[in-house]
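Coordinate analysis (summary)
These are the residues of each chain, in order.
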Amino acid sequence: MTYQICPICDQKLTRKNYCSHCRQRIRKPLTIDVDYYLNERHPETEHECTYHDYTSWSQEDAGADSRTAVPNQPRKSVVPNQPRKPAASVNRPAGTFSQPGKAASANRPAKTAAYPDRRPSTSGQSRTTAVLVIVVAAVLIFVSAVIFLLNAFERQIRNYGSLDIGIPESIQEADWDDLFPAGALSDDEYTERELTAEEVIAAGQTCNSMGHFRLTADELSGELIPYVNGLSGEAPREETASSNTEDSYGYSYYSTYYDYYYGEPGYFTLSADTATSQLHSITFSWNDASEAMDILEKTVGVLRGSGDWSLSEEETAGWLTDLENRLDSIDFDTVSPEAIADSIDIFLSCEDDEYYFSIYKERE
C-alpha cells in the first residue's frame with residue numbers, strides 16, 4: 001500500500017497533489033510504501049502470506065506432490081522406526097553357517113529377497129521436520145516484530161514526525177509529553193471533532209499545530225490587495241471558509257481561509273488562526289515573473305513592518321535579487337533566506353509560466 005502525506009500539515013492526502021486539510025497544492029507529497037494493514041481488514045484475495053498459509057510454506061521441502069495437495073492441510077505424520085521383521089526362512093546350503101566371532105563363510109549365498117537390506121531410517125525426516133518447525137516459528141516471530149516496528153514507525157510519521165524526512169520542524173519540536181501524556185490513546189481510539197468559528201473565537205485560544213505571524217489577515221490584505229489590484233487592473237472575487245478541528249492526540253487546528261481570485265493573472269490565499277486572525281501562511285500564484293517578484297517584495301515589506309521579518313532592508317534586497325536571477329530554474333524548492341530559515345519557510349514552484357509561492361510561519 002502507498003500513502004501520500006502532506007509535507008506541510010502531515011495529513012494523508014485524499015486528492016492527488018492537493019491537501020484538503022491545509023488547502024494547499026502539494027507538488028511533491030511524501031510517499032510511504034508499507035506492506036502491512038493498520039486498522040484495516042486483510043483482503044480476502046490475499047492467500048499466500050506467511051501468516052495465514054503456514055502449511056503451504058512448510059511443505060516446500062516435501063516435493064512437487066506435496067505442493068499440489070489441498071492448501072492448509074497438515075502433512076501426514078511420519079511413522080517412527082519400527083523393529084524389523086525377521087526375514088522369511090530359506091534352506092541354506094550345508095556348511096554355510098557362520099560361527100560366532102568368525103568371518104562369514106565364503107560359500108554364503110548372495111543376499112536375496114529373503115535377506116533384504118536394512119530399511120532406510122525415518123529419523124532424518126523427523127529431525128528435518130523439527131528443524132523446519134523451529135525455523136518457521138522463528139520467522140513468524142521475526143515478522144511479528146517487524147510489523148510492530150513498522151506500526152510504530154508509521155505512527156511517528158503520521159502523528160509527530162520525529163524523523164527528519166521533510167516534516168516541518170515546528171511539528172518535530174513539539175512537546176510530546178504534553179500532547180501524549182501517560183496512557184496515550186491507541187490508533188483504534190483516535191477521534192476528531194469539528195468546531196464552529198464561533199466556538200473557537202469564544203475560547204480565544206490559538207491552535208497548537210501551526211505557527212503564527214504577528215501580522216493579522218486584515219492587516220496584510222489591507223496593504224497587499226490594493227497593490228495587487230493596481231497590477232492586475234481589476235478587483236478580485238473574494239471567498240472565505242473556515243476549518244476548525246481538535247483530535248484525541250491533543251492537536252488543534254483553527255484556520256480561516258481568505259481567497260482572492262483575479263482570473264487569468266492568478267490568485268491569493270491567506271490562512272489565519274480563526275481565534276485571533278494571526279496569519280498561518282500566505283500563498284499566491286501569478287503568471288507573470290516580474291509581477292510575482294513585485295508581489296513577493298511587497299509581502300516581505302509588510303512582514304518587516306510588523307516585526308515578522310528580521311532581515312535588514314539591504315539583506316532582503318540581496319536575497320530578492322538572487323532569487324529573481326534563478327527564478328525559472330527552481331521547481332518546488334525551499335528558498336527561505338538562510339538567516340531566518342528556522343522561523344519562516346518559503347516554497348517556490350515555477351512551471352508552465354506560473355509562479356507559486358507559499359510563505360509559512362514555523363511553529364515556535
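Look above for the structure.
These notes cover the structure that comes with them. (Residues numbered from 1 in each chain as written. Predicted model: local features only at pLDDT ≥ 70, side-chain atom pairs only at ≥ 80, totals over all residues. Heavy atoms only, no water.)

Quick look at the packing of helix 8 (residues 289-306) against helix 9 (residues 313-325) now. Two numbers describe a pair of packed helices, the interaxial angle and the distance between the axes. Axis separation between helix 8 and helix 9 bottoms out at 11 Å; the angle between their running directions is 160°. By the angle class used here, helix 8 and helix 9 are roughly antiparallel. Considering how the two elements wind past one another, helix 8 and helix 9 form a crossing that is right-handed. In this structure, helix 8 contributes Met293, Leu296, Glu297, Val300 and Arg304 to the contact, and helix 9 contributes Glu313, Thr316, Trp319, Leu320, Leu323 and Glu324. Looking at the contact of helix 8 with helix 9 residue by residue, the class counts come to six nonpolar, one polar and four charged. (Axes fitted to C-alpha atoms, helices over the stretch in contact; angles between N-to-C directions. Helix = DSSP H or I, 4+ residues; strand = E, 2+ residues; numbered from the N terminus. Parallel < 35°, antiparallel > 145°, perpendicular 65-115°, else oblique. Left-handed = near helix turned anticlockwise from the far one by under 90°. Contact = heavy atoms within 4.5 Å. Nonpolar A, V, L, I, M, F, W, Y, C, P; charged D, E, K, R; others polar.)

Attention now moves to helix 9. End to end, helix 9 covers 19 Å across 13 residues, agreeing with the expected 18 Å (1.5 Å per residue, within 8%). Among the residues making up helix 9, those that are buried are Thr316, Trp319, Leu320 and Leu323. Angularly, the buried residues of helix 9 cover 100° about the axis, an arc narrow enough to put them on a single face. Along helix 9, the residues that are exposed and aim more than 90 degrees away from the buried face are Glu314 and Asn325. Its buried side turned inward, helix 9 meets helix 8, strand 11 (344-351) and strand 12 (354-361). (Expected span 1.5 Å × (residues − 1). Buried < 20%, exposed > 50% of the residue type's maximum accessible area, 1.4 Å probe, protein only. Arc of directions from axis to C-beta.)

Quick look at the pairing of strand 6 (residues 237-247) now. As paired strands, strand 5 (residues 192-194) and strand 6 are joined by three bridges and run antiparallel to one another. Bridge pairing links arginine 193 to glutamate 246 in strand 6. Two elements, strand 6 and strand 7 (residues 252-261), share 10 bridges in a ladder whose sense is antiparallel. Counterpart to alanine 241 in the pairing with strand 7 is tyrosine 257. (Pairing = 2+ DSSP bridges.)

What follows is about the pattern of salt bridges. Tallying each qualifying case throughout the model produces three salt bridges. The partner of arginine 237 in a salt bridge is glutamate 239, with the nearest N and O atoms 2.4 Å apart. Judged by relative accessible area, which is 47%, arginine 237 ranks as partly exposed. The salt bridge involving arginine 326 is made with aspartate 322; its shortest N-O contact spans 3.0 Å. Judged by its relative accessible area of 34%, arginine 326 is partly exposed. (Salt bridge = Lys/Arg side-chain N within 4 Å of Asp/Glu carboxyl O.)

With burial as the criterion, only one face of strand 4 (residues 30-33) is covered, namely that bearing Leu30 and Ile32; the residues Thr31 and Asp33 on the opposite face remain uncovered. Summarising the sheet, strand 1 (residues 2-5) and strand 4 pair through four bridges and their orientation is antiparallel. Across the sheet, isoleucine 5 pairs through a bridge with leucine 30, a residue of strand 4.

The next thing to look at is the environment of serine 336. Tracing the sequence through the fold places serine 336 in the loop between strand 10 (333-334) and strand 11. C-alpha separation for the pair serine 336 and leucine 348, spaced 12 residues apart in sequence, amounts to 9.4 Å. The contacts of serine 336, once residues within four sequence positions are left out, are Trp319, Ala341, Ile344, Asp345 and Ile346.

On to the side chain of serine 336. A relative accessible area of 13% places serine 336 in the buried class. At a separation of 3.1 Å, a polar atom in the side chain of serine 336 contacts the main-chain carbonyl oxygen of isoleucine 344. (Polar contact = N/O pair within 3.5 Å; in protein donor to acceptor, adjacent residues only side chain to side chain.)

This part takes up the packing of aromatic side chains. Inspection of the entire model under this criterion finds nine aromatic pairs. Measuring from centroid to centroid gives 6.3 Å for phenylalanine 268 and tryptophan 286, while their planes differ by 55°, and the two rings are tilted. Taken together, the positions of phenylalanine 268 in strand 8 (residues 266-272) and tryptophan 286 in strand 9 (residues 279-286) put the pair 18 residues apart, joining distant regions of the chain. The buried category is assigned to tryptophan 286, whose relative accessible area is 0%. (Phe/Tyr/Trp six-rings, centres within 6.5 Å; stacked < 30°, edge-to-face > 60°.)

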